[in-house]
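# Descriptive structure summary
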Amino acid sequence: LTASEDVATVEGRVAALEMATEPSYGEIYEDNETGSAITLTSNAAFYPWVTGGAGTLKGTGYVTEDTSTLVVGASGAGLYQVFAHFAGTLAAANELKAAVFKNEVEQGHLRIDQDITNTAKYQNGSMAGLLALVEGDIVSLRFSSDTNTQTFTLKHCNLSIVRIA
């Protein structure tokens, strides 16, 4: 407390510090042996995963789920560790691409490309990295292929974020 500060100002700073150090996290996942199809219509676009459900979420003000995306709240801003994993099958041999998106923008450091030669076997992919997120940011997982009109059948998927700073 300095001569120019009052108690309310100091209490406000302490509350903000406590909020910033409060854990913030969110997870969405899908565990579906039957699989959910994602039609990859154009090789020039990424298509969102939309069949995930809410897993463990910090909740309102921190991280919430909305249609298979993670949304950062007012108290959730910070640096996050992002983890994504998926398993599924591609209808035809080709290259499968997966990427984490932030606010509809691909995050190139959170992307993988896989050359699929055996369509009968599960294809697995994982990625991890850091993202700075602020209130209102939306994190999603999307898929693409090198040819038009492919179907990727997603069996298992997980997207999670954990604030580390």
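For the structure given in this document, a descriptive report is provided here.

Okay, the environment of Phe-101 next. Positionally, Phe-101 belongs in strand 7 (residues 94-102). Between the alpha carbons of Phe-101 and Ile-138 there is a distance of 8.0 Å; along the sequence they are 37 residues apart. Dropping the residues within four chain positions of it, Phe-101 is found in contact with Phe-46, Glu-106, Gln-107, Ile-138, Val-139, Ser-140 and Arg-142.

To continue, consider the pattern of salt bridges. One pass over the structure, following the stated rule, counts 5 salt bridges. Here Asp-113 ties to Arg-111 by a salt bridge, and the two come within 2.9 Å at their closest N and O atoms. Among the charged side chains, a salt-bridge network with shared partners connects Glu-106, Arg-111 and Asp-113.

Among the nonpolar cores identified, the biggest contains 30 residues, and Phe-86, Val-100, Phe-143 and Leu-159 are the most heavily contacted of them. Contributions of two or more residues to this core are made by strand 1 (25-40), strand 5 (70-72), strand 6 (78-90), strand 7, strand 8 (105-116), strand 9 (123-133), strand 10 (138-145) and strand 11 (150-163). When near neighbours in sequence (up to four residues on either side) are disregarded, Val-100 contacts Val-82, Ala-84, Val-105, Glu-106, Gln-107, Leu-110, Met-127, Leu-131, Val-139, Ser-140, Leu-141 and Leu-159.

Strand order in the open sheet made by the 5 strands is 3-1-11-6-9, with antiparallel pairing throughout. Every interior strand has two partners, whereas the edge strands, strand 3 (53-57) and strand 9, have only one. Sheet twist, expressed as the mean angle between neighbouring strand axes with direction ignored, is 15°. Pairing between strand 6 and strand 9: 11 bridges, direction antiparallel. Each residue of the ladder has a partner; that of Gly-88, found in strand 9, is Gln-123.

About the criteria used
Residues numbered from 1 in each chain as written. Predicted model: local features only at pLDDT ≥ 70, side-chain atom pairs only at ≥ 80, totals over all residues. Heavy atoms only, no water. Helix = DSSP H or I, 4+ residues; strand = E, 2+ residues; numbered from the N terminus. Contact = heavy atoms within 4.5 Å. Salt bridge = Lys/Arg side-chain N within 4 Å of Asp/Glu carboxyl O. Core = buried A, V, L, I, M, F, W, Y, C linked by side-chain atoms within 4.5 Å. Buried < 20%, exposed > 50% of the residue type's maximum accessible area, 1.4 Å probe, protein only. Pairing = 2+ DSSP bridges. Axes fitted to C-alpha atoms, helices over the stretch in contact; angles between N-to-C directions.

Read these as spatial facts, not as claims about activity.
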